[in-house]
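So the chains spell out like this:
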Amino acid sequence: MSNYINEVLEKVSKTNAGEPEFNQAVKEVLSTLEPVVNAHEETYRKEALLERLCEPERIIVFRVPWVDDNGQVQVNRGFRVQFNGVIGPYKGGLRFHPSVNQSIMKFLAFEQCFKNSLTGLPMGGAKGGSDFDPKGKSDNEIMRFCQSFMTELYRHIGHNLDVPAGDIGVGAREVGYMFGQYRRIRNQYEAGVLTGKGLSYGGSLARPEATGFGLIYFMREMLKENNSSLDGKTVIISGSGNVATYAAVKATEYGAKVVAMSDSNGCIYDKNGIDIKAIKQIKEVERKRIKEYKNIHPEAEYFENNGEYQAIWNIKADIALPCATQNDITLEAAKKLVENGVFAIGEGANMPTTNEAIAYLLENKILLAPAKAANAGGVATSGLEMCQNSMRLSWTFEEVNSKLDAIMTNIFKSCKEAAAQYGLGNNYVAGANLAGFIKIEQAMRAQGII
Ligand code: NDP
Ligand code: 2IT
């Protein structure tokens, strides 16, 4: 690797000690940028281009106090990382999960910069959230938490400043409560301040489906380019939330058979093909554990997670779609997938594959659709929701979905062309990073030392 990249990685690890996920994400990106960095090394060094790329513009950390149903006061920590705003207002989701910390927020915000760049829409990169655990909370507790969270966040966001949306633990219900509180505090109807809104108050058709559908559109293009398709293939999908369920719907529409899905406890295997309606009922409506699926389909099997990686990666299939959380596919899991004959992987989650596993999968000629490109359909459709809010109009499902399809097709093309330009064959991981980086780099250099 170039000396400059190595020096920056050294500095990043010193100044961000104790933040493993952030260091991992930076290493993953910078290690693929060598061809561009080598061509501009002198200028980049002088302008500290990579150092600035890896330093967030701003991090906001705040207290979120709220009262539970027993009258007990609870305190959580809230975050918003506004990483890079050179190509548009900051944009990125909010995650509510007990594991949330500054390292996870920074890795997600950093990745979001490249993802948003790839969409071709004018959006900078950000992420936020809280270590609040929505599991087992009543609806009123969720509302009180969201209101308290927004009572601080409102002063840092705006439709031309920073536009949050959902992520793990944040769906339409939470966005609704946060939007209500924002409107109340600001005394303005600023629809474009949040995306992922409900349809009755400025949301976009197809936004709930967008990340999962977009992932499958990207897979369709990647498989086509490599003389294959989804038709007749078996698929395993980790997670059973927003991204996983709509990926399952679209993959099934394209003739694939989804045979396994999971949650954080374990996975279900249904050789007849997963009943996605049952999954939505259990996970989205009843908010229960995925093992309940066996009550509806007793012929299915349930495997609890108890090994060194998630049980789902032991199940044989042609295609794997990690759609749960980061570092889901470890090196050991990757070895199992290759051994089981998986030939393509599509990352619906953010950074679901460890750097060691990425290297192993690429060495073994697995087609890997990287998260920054493959899951960009969610934020792209958030961008389309912002367009509709600005125009005070709403488009039909077909209009939004066809724009999403065109954006995903174009993102695949950008990854493919960037990989080809630098002689990297079908390494779309490097292709995505290079294509995403080039636009940000041009904007950063045009805007001076900021
Ligand atoms: P949801 O909250 O809807 O679902 C998350 C799913 O992942 C649940 O099934 C959850 O299981 C499972 N999961 C398993 N292990 C973990 C873990 N350790 N931490 C958190 N969740 C776990 O989230 P989304 O579907 O929205 O997000 C899934 C992934 O996709 C995330 O990586 C997110 O960043 C990414 N993403 C989401 C986008 C969006 O538009 N929503 C856009 C682009 C990427 P359980 O029920 O047991 O918690
Ligand atoms: O990771 C992501 O891209 C998201 N959670 C969606 C962000 C958005 O602003 O729609």
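Note: the structure precedes this text.
Reading the values: rules and limits
Residues numbered from 1 in each chain as written. Chains lettered and ligands numbered in written order. Predicted model: local features only at pLDDT ≥ 70, side-chain atom pairs only at ≥ 80, totals over all residues. Heavy atoms only, no water. Pairing = 2+ DSSP bridges. Helix = DSSP H or I, 4+ residues; strand = E, 2+ residues; numbered from the N terminus. Axes fitted to C-alpha atoms, helices over the stretch in contact; angles between N-to-C directions. Contact = heavy atoms within 4.5 Å. Buried < 20%, exposed > 50% of the residue type's maximum accessible area, 1.4 Å probe, protein only. Lys, Arg positive; Asp, Glu negative; His and termini not counted. Salt bridge = Lys/Arg side-chain N within 4 Å of Asp/Glu carboxyl O. Polar contact = N/O pair within 3.5 Å; in protein donor to acceptor, adjacent residues only side chain to side chain. Core = buried A, V, L, I, M, F, W, Y, C linked by side-chain atoms within 4.5 Å.

Visitor: Please give an account of the sheet that holds strand 6 (residues 234-238) that cites residues and values.
Guide: Strands sit in the order 9-8-7-6-10-11-12 across an open sheet of seven strands; the sheet is mixed. The sheet is open, and its two borders are formed by strand 9 (301-304) and strand 12 (367-369), each paired with just one other strand. Each strand axis lies, on average, 15° off the axis of its neighbour in the sheet, ignoring direction. Bridge count for strand 6 against strand 7 (residues 257-262) is four bridges, and the pairing is parallel. Opposite Ile 237, over in strand 7, you have Met 261 as the bridge partner. Packing against the sheet, helix 10 (residues 242-253) makes contact with strand 6, strand 7 and strand 10 (319-322), and its axis sits at approximately 170° to strand 7.

Visitor: Explain the environment of Pro 20 residue by residue, including any values.
Guide: With respect to the helices and strands, Pro 20 occurs in helix 2 (residues 20-30). The class for Pro 20 is exposed, based on a relative accessible area of 52%. In this structure the C-alpha to C-alpha distance between Pro 20 and His 297, which are 277 residues apart in sequence, comes to 40 Å.

Visitor: Give me the sheet that holds strand 3 (residues 90-96): which residues, what numbers.
Guide: Taking strand neighbours across the sheet as the criterion, the five strands line up as 1-2-4-3-5 in an open arrangement whose pairing is mixed. With partners counted over all chains shown, the strands left at the sheet margins are strand 1 (58-67) and strand 5 (162-165), one partner each. Each adjacent strand pair in this sheet contributes to an overall mean axis angle of 20°, direction not counted. Strand direction decides the pairing type here: strand 1 and strand 2 (residues 73-84), joined by ten bridges, are antiparallel. Paired with Pro 65 across the two strands is Val 75, which belongs to strand 2.

Visitor: Tell me about the side chain of Glu 141, and please be specific about residues and values.
Guide: Along the polypeptide, Glu 141 turns up in helix 7 (residues 139-153). For Glu 141, which is buried and forms no salt bridge, the nearest opposite charge comes from Arg 144, at a distance of 4.9 Å. At 2.8 Å, the side chain of Glu 141 and the backbone nitrogen of Asp 69 are in polar contact. Glu 141 has contacts with Trp 66, Asp 68 and Asp 69, leaving out every residue within four places of it along the chain.

Visitor: Provide a residue-level description of the pairing of strand 2, including the pertinent values.
Guide: The hairpin turn running from strand 1 into strand 2, its antiparallel successor, is five residues long, and Gly 71 in that turn takes a positive phi close to 85°. One ladder, built from six bridges, connects strand 2 with strand 4 (residues 124-130); its direction is antiparallel. Along strand 4, the bridge assignment pairs Val 81 with Lys 127.

Visitor: How would you sum up the nonpolar core? Please name residues and give values.
Guide: In terms of nonpolar packing, the biggest core is built from 96 residues, with Leu 30, Leu 50, Phe 218, Ile 237 and Leu 321 touching the most fellow members. Among residues more than four places away in sequence, those in contact with Ile 237 are Ala 244, Ala 247, Ala 248, Val 258, Ala 260, Met 261, Ser 262, Ile 312, Leu 321 and Cys 323. Judged by nonpolar contacts, the second largest core, of 23 residues, contains Ile 236, Val 259, Tyr 309 and Ala 333.

Visitor: Got a sec to walk through the environment of Lys 277? Specific residues and values, please.
Guide: Residue position: Lys 277 is located in helix 11 (residues 276-285). Each C-alpha atom of the pair Lys 277 and Lys 135 lies 21 Å from the other, and the pair is 142 residues apart in sequence.

Visitor: Go over the environment of Val 29, please, and point to the residues and values.
Guide: Summarising the element assignment, Val 29 is placed in helix 2. For Val 29, a relative accessible area of 0% gives the class buried. For Val 29 and Thr 151, which are 122 residues apart along the polypeptide, the C-alpha to C-alpha distance reads 35 Å. Excluding residues that lie within four positions of it along the chain, Val 29 makes contacts with Phe 110, Phe 114, Lys 372 and Asn 433.

These figures come from the coordinates and say nothing about function on their own.
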